[in-house]
Amino acid sequence: TPDSRFYLLPPGIRRDRIAPEDYGERRARFRDEWQLQSGDKLVLLVGSGFRTKGLDRAIEALASLDGDLLRRTRLMVIGQDKSEPFAAQARRLGVEDRVQFLQGRDDIPAFLWGADLLIHPAYRENTGTVLLESMVAGLPVLTTDVCGYAHYVTEQGMGLVIDSPFEQAALNRALKCLLFEREDDWRARGAKFAAESDIYSMPQRAAQLIVQGEGRATVPS
């Protein structure tokens, strides 16, 4: 296929992930519902295929936190997959009570607004739509550079990206840094990104290109 027939499309994420005007109230209700205290930190991992998404790496990073930091941190895992191997890993590392597995849900925005960090240390990932969803929700992201959309995290200063070759120690340090050391205004950065970036119009742009292509089409003789 000639290069001239290829086009880059915007990612195409849903706008309902954007932090709403009553973000503070919704966040407070969510954290009250899930019994999160003011000093507690909620780390979120969203996506099916836990192995590919790097859940084992996330649990290792959680276990690297010590003392009070670990007691204040909870990892919520949302997605469709077998959780038993990862629950066993959490037990082995002594963090079973800090990891919670949930099935797929239709209220993901509430979790994005209520959490303190999205962790996505994937082994491979063509795109990583959840990275962008988290960013427009005002939630910082900790991910790996194999994700197709990881460059948005770096460009917008919305978290940290672990370079390849992957090192667990680097992920461990980054988790502690983003949760307890950095005090960036993530919500403001996320709002700016949501307002200024064309990351929603994949269907519209694809339709436009298709229509343009039909207009240029010729009938072979």
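For clarity, every value in this text was computed on a predicted model and none was experimentally measured.

### Notes on the packing of helix 3 (residues 55-64) against helix 5 (residues 84-92)
At their nearest, the axes of helix 3 and helix 5 sit 10 Å apart, and the two run at 20 degrees to each other. As judged from the angle between their axes, helix 3 and helix 5 are roughly parallel. When the axes of helix 3 and helix 5 are compared, the crossing they make is right-handed. On helix 5, the residues that touch Leu 55, Asp 56, Ile 59 and Glu 60 of helix 3 are Phe 86, Gln 89 and Ala 90. Split by residue class, the contact of helix 3 with helix 5 holds four nonpolar, one polar and two charged.

### Overview of the packing of helix 3 against helix 9 (residues 168-181)
Each pair of packed helices gets described by two things: the angle between the helix axes and the distance between those axes. Relative to each other, helix 3 and helix 9 sit at 60 degrees, their axes nearing to 9 Å. For the element pair helix 3 / helix 9, the angle class is oblique. Crossing hand, helix 3 versus helix 9: right-handed. The residues of helix 9 that touch helix 3, namely those facing Arg 57, Ala 58, Glu 60, Ala 61, Leu 62 and Ser 64, are Gln 168, Leu 171, Asn 172 and Leu 175. Of the residues in the contact of helix 3 with helix 9, the class split is five nonpolar, three polar and two charged.

### Quick notes on helix 10 (residues 186-196)
Each turn of an α-helix holds 3.6 residues, which means side chains three or four residues apart point in the same direction. Among all positions in helix 10, only Trp 186, Gly 190, Phe 193 and Ala 194 are buried. Taken around the axis of helix 10, the buried residues stretch over an arc of 100 degrees, which confines them to a single face. Exposed residues pointing more than 90 degrees away from the buried face of helix 10 are listed as Ala 195 and Glu 196.

### Structural notes on the sheet that holds strand 3 (residues 99-102)
In any sheet, the strands associate via hydrogen bonds between backbone groups, in a parallel or an antiparallel arrangement. Taken together, six strands build an open sheet; the order of strands is 3-2-1-4-5-6 and the sheet is parallel. Two strands in the sheet have a free side with no partner beyond their single neighbour: strand 3 and strand 6 (159-162). Averaged over all pairs of adjacent strands, the angle between their axes in this sheet comes to 20 degrees, without regard to strand direction. Across four bridges, strand 5 (residues 141-144) lies against strand 6 in parallel orientation.

### Thoughts on unusual backbone geometry
A cis amide bond links Ser 164 to the next residue, Pro 165, at an omega of 0 degrees. Relative to the elements of secondary structure, Pro 165 occurs in the loop between strand 6 and helix 9. In this structure, Gln 35 takes a positive phi of about 55 degrees despite not being glycine. Here Gln 35 is to be found in the loop between helix 1 (23-33) and strand 1 (41-46).

### Structural notes on helix 5
Taken as a whole, helix 5 has its buried residues at Phe 86, Ala 87, Gln 89 and Ala 90. An end-on view of helix 5 places all buried positions within 155 degrees of arc, on one side of the element. Facing away from the buried side of helix 5 by more than 90 degrees, the exposed set consists of Glu 84, Pro 85 and Arg 92. Gly 94, located one to two residues past helix 5, shows a positive phi value of around 80 degrees.

### Description of the state of the cysteines
Here is the idea: a disulfide is a covalent bond, and it sits between the sulfur atoms of two cysteines. Scanning all chains against the criterion turns up zero disulfides. Here Cys 147 stays free of any disulfide, with the sulfur of Cys 177 as its closest cysteine sulfur at 19 Å. Classification of Cys 147 by relative accessible area gives buried; the value is 4%. Given the relative accessible area of 19%, Cys 177 is considered buried.

About the criteria used
Residues numbered from 1 in each chain as written. Predicted model: local features only at pLDDT ≥ 70, side-chain atom pairs only at ≥ 80, totals over all residues. Heavy atoms only, no water. Axes fitted to C-alpha atoms, helices over the stretch in contact; angles between N-to-C directions. Helix = DSSP H or I, 4+ residues; strand = E, 2+ residues; numbered from the N terminus. Parallel < 35°, antiparallel > 145°, perpendicular 65-115°, else oblique. Left-handed = near helix turned anticlockwise from the far one by under 90°. Contact = heavy atoms within 4.5 Å. Nonpolar A, V, L, I, M, F, W, Y, C, P; charged D, E, K, R; others polar. Buried < 20%, exposed > 50% of the residue type's maximum accessible area, 1.4 Å probe, protein only. Arc of directions from axis to C-beta. Pairing = 2+ DSSP bridges. Disulfide = S-S within 2.5 Å.

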